[in-house]
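Observations on the model geometry
Spelled out, the chains give:
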Amino acid sequence: MKNIAVIGSGTMGNGIAHVFAQNGFQVTLIDISAESLERGLATISRNLDRQVNKELINESQKQETLLRISTETALEKGVAKADLVVEAATENVELKLNIFRDLDKFCSDHTILATNTSSISITKIAAVTNRPDKVIGMHFMNPVPVMKLVEVIRGYNTTDATTNTIMDLSEKLGKVPVEVNDYPGFVANRILMPMINEAIYSLFEGVAGVEEIDTVMKLGMAHPMGPLQLADFIGLDVCLSILHVLHDGLGNPKYAPCPLLVNMVTAGHKGVKSGSGFYDWSHKTKELIVASQFKK
């Protein structure tokens, strides 16, 4: 594989493009607007600067990485030469299905189609294509340039050849791929989201406050950040979407999202991306300030 197309220039998409380009692949970053692509490239450049400052790479390697990334707003043109397409668009089922219908028409027969979805069925996505054997989940963790794990998710019809190709490719990126099967939430979010949801329930039911809940998990369980801070970082809308997938797909009431989470997302409080969640992020510093509605 030489040519990689990445769909979506947001947090996950630009991180995926960064990692592929840094490891010698030619990358086409695709989004619907030139402004989004400019922001994505600016983020990649800043993240490469951090690597230079930490002496993980040098300035020449940074420039070489950026030169391997081109941008495109037209999907058909952007994926024309791709050996692998990694879709990293918004976590919306219908949007992803429409993208994969188009990819199946626009891509060469040999092209593998991967999705970075964190919970949506790979089998369902593959079913709208004529190449379900070449459709696979490639779930990177955020921030992509730092986190080592890639969940490699096999759909019902994904072949061994496709799976082995993506496992090997992930290792070439310096990642640790873990093969899992296609069930709601896969492994990472099937375990993580109920923990986050239970933390929100603990706040909702008055068991403890935001800082107290996060401190217990950081100091008692050695988590690098508490579940409420992590939820803000992931995006409360994303957490809610994944919980809906788990609840609908498994039919177990333990996955039902906390009413507080539902209300916060409905009100537009989505965490870091909106400037407010369980913490106040409007100050744009690393200081953790509990959102005003949760202060005692």
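Being a predicted model, the structure only gives us computed values, none of them experimental.

Parameters and conventions
- Residues numbered from 1 in each chain as written.
- Predicted model: local features only at pLDDT ≥ 70, side-chain atom pairs only at ≥ 80, totals over all residues.
- Heavy atoms only, no water.
- UniProt positions renumbered as here; feature names shortened; annotations may be inferred.
- Helix = DSSP H or I, 4+ residues; strand = E, 2+ residues; numbered from the N terminus.
- Buried < 20%, exposed > 50% of the residue type's maximum accessible area, 1.4 Å probe, protein only.
- Contact = heavy atoms within 4.5 Å.
- Expected span 1.5 Å × (residues − 1).
- Arc of directions from axis to C-beta.
- Axes fitted to C-alpha atoms, helices over the stretch in contact; angles between N-to-C directions.
- Parallel < 35°, antiparallel > 145°, perpendicular 65-115°, else oblique.
- Left-handed = near helix turned anticlockwise from the far one by under 90°.
- Nonpolar A, V, L, I, M, F, W, Y, C, P; charged D, E, K, R; others polar.
- Phe/Tyr/Trp six-rings, centres within 6.5 Å; stacked < 30°, edge-to-face > 60°.

With that settled, the discussion passes to the UniProt feature "site: Important for catalytic activity" (unreviewed entry) in the protein. UniProt records the feature "site: Important for catalytic activity" (unreviewed entry) at His139, using the numbering of this structure. Position of histidine 139 relative to the elements: it lies in strand E6 (residues 135–140). Among the residues examined, histidine 139 registers a relative accessible area of 7% and is labelled buried. When near neighbours in sequence (up to four residues on either side) are disregarded, histidine 139 contacts Thr115, Asn116, Thr117, Ser118, Leu149, Val150, Glu151, Ile153 and Asn189.

All right, on to the UniProt feature "domain: 3-hydroxyacyl-CoA dehydrogenase C-terminal" (unreviewed entry) in the protein then. Mapped onto this numbering, the UniProt entry gives "domain: 3-hydroxyacyl-CoA dehydrogenase C-terminal" (unreviewed entry) at residues 185–281. Strand forms 2% of residues 185–281 and helix 62%; the C-alpha atoms that close the span are 28 Å apart.

Given a rise of 1.5 Å per residue, 13 residues ought to cover 18 Å, and the 18 Å separating the end C-alpha atoms of helix H7 (residues 160–172) matches this to within 8%. Here H7 has its buried residues at Thr162, Thr163, Ile166, Met167, Leu169 and Ser170. Axial view of H7: buried residues confined to an arc of 165°, hence all on one face. The outward face of H7, more than 90 degrees from its buried face, is lined by the exposed residues Asp160, Ala161, Glu171 and Lys172. For H7, the secondary structure elements touched by its buried residues are helix H1 (11–22), strand E4 (84–87), strand E5 (112–115), E6, strand E7 (149–154) and strand E8 (176–181). The positive-phi residue at the C-terminal boundary of H7 is glycine 174, with phi of around 80°.

Interhelical geometry of helix H2 (residues 34–53) versus helix H3 (residues 59–67) gives an angle of 160° and a closest axis separation of 9 Å. Taken together, the axes of H2 and H3 lie roughly antiparallel to each other. Seen along the crossing, H2 lies across H3 with a hand that is right-handed. Residue-level contacts link Ile44, Ser45, Leu48, Asp49 and Val52 of H2 to Glu59, Lys62, Thr65 and Leu66 of H3. Residues that form the contact of H2 with H3 fall into these classes: 4 nonpolar, 2 polar and 3 charged.

Let's shift gears to the packing of aromatic side chains. Taken as a whole and judged by the stated rule, the model has 4 aromatic pairs. Look at phenylalanine 20 and phenylalanine 25: their rings are 5.5 Å apart centre to centre, the planes differ by 85°, and that puts the pair in the edge-to-face class. The class for phenylalanine 25 is buried, based on a relative accessible area of 8%. With centroids separated by 6.3 Å and ring planes inclined at 65°, the aromatic side chains of tyrosine 201 and phenylalanine 204 adopt a geometry described as edge-to-face. Of this pair, tyrosine 201 and phenylalanine 204 both sit in helix H8 (residues 188–204), 3 residues apart, which is roughly one turn of that helix.

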